[in-house]
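# Structural overview
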Amino acid sequence: MVATLYTFGLKRGVGVETLSEFFVRLRLETQVGCSPSALRSMMEALVVTIEETARAWEQDGVAAGEVREIIGAVDETFLEQLILVFQDVPTGYIVQEEVADDRTYV
């Protein structure tokens, strides 16, 4: 369930209503909470856990003297807009650009 929420909910932007329908079709509602509000809460907790883990890995990497350059890569996306994402490979730290309509600098 967590893998589905991460892969499709967080990475691909599939809404919790659609994910809820998917889990109900798999008849998982008798095993776990599948309502949109339950899934939304689970996704929020997942985000917090991912961010805490990334911060811990980053601190461990810096403490060990592992300071390396960030590596960027291109991957397919199913979102409406392409978003630049980089990963610091030694720490697993993710850097994601902010979506903005206006990219001019003053």
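Quick look at the structure, then.

Helix and strand counts for the chain stand at 3 helices and 3 strands. In sequence order, the secondary structure elements of the chain are arranged as α-α-α-β-β-β. At a minimum sequence separation of 6, the contacts of the chain that also span at least 24 residues come to 39%.

Let's shift gears to the packing of helix α2 (residues 16-25) against helix α3 (residues 36-63). Two elements in contact, α2 and α3, have axes separated by 9 Å at closest approach and are oriented at 110°. Between α2 and α3, the angle falls in the class roughly perpendicular. Helix-helix and strand crossings are classified by hand; for α2 and α3 the assignment is right-handed. Contacts between α2 and α3 pair Val-16, Glu-17, Leu-19, Ser-20 and Phe-23 from the former with Pro-36, Leu-39, Arg-40 and Met-43 from the latter.

Right, let's get into the pairing of strand β3 (residues 93-96). Pairing of strand β2 (residues 85-88) with β3 involves 4 bridges; the strand directions are antiparallel. When the bridges of β3 are listed, Asp-88 appears paired with Tyr-93.

Mapped onto the elements of the fold, Thr-4 is located in helix α1 (residues 2-10). Classification of Thr-4 as buried rests on a relative accessible area of 17%.

One can find Thr-91 in the loop between β2 and β3. Considering only alpha carbons, one finds Thr-91 and Thr-53, 38 residues apart in sequence, at a separation of 9.6 Å. Those residues in contact with Thr-91 that lie beyond four places of it in its chain are Trp-57, Glu-58 and Gly-61.

Leu-5, Val-16, Leu-19, Phe-23, Cys-34, Leu-39, Met-43 and Leu-46 together form the largest nonpolar core, which totals 8 residues. Residue assignment for this core shows that the elements contributing at least two residues are α2 and α3. Setting aside anything within four residues of it in sequence, one finds Cys-34 in contact with Met-1, Ser-20, Phe-23, Val-24, Leu-28, Glu-29 and Leu-39.

In this structure, Arg-27 is a non-glycine residue whose phi angle is positive, near 60°. Along the polypeptide, Arg-27 turns up in the loop between α2 and α3.

Here the focus is the pattern of salt bridges. Under the counting rule described, the total for this entry stands at 2 salt bridges. Between Arg-40 and Glu-17 there is a salt bridge, with its nearest N and O atoms 3.5 Å apart. Of this pair, Arg-40 sits in helix α3 while Glu-17 sits in helix α2; the two residues are 23 residues apart in sequence, bridging distant segments of the chain.

Parameters at a glance
Residues numbered from 1 in each chain as written. Predicted model: local features only at pLDDT ≥ 70, side-chain atom pairs only at ≥ 80, totals over all residues. Heavy atoms only, no water. Helix = DSSP H or I, 4+ residues; strand = E, 2+ residues; numbered from the N terminus. Contact = heavy atoms within 4.5 Å. Axes fitted to C-alpha atoms, helices over the stretch in contact; angles between N-to-C directions. Parallel < 35°, antiparallel > 145°, perpendicular 65-115°, else oblique. Left-handed = near helix turned anticlockwise from the far one by under 90°. Pairing = 2+ DSSP bridges. Buried < 20%, exposed > 50% of the residue type's maximum accessible area, 1.4 Å probe, protein only. Core = buried A, V, L, I, M, F, W, Y, C linked by side-chain atoms within 4.5 Å. Salt bridge = Lys/Arg side-chain N within 4 Å of Asp/Glu carboxyl O.

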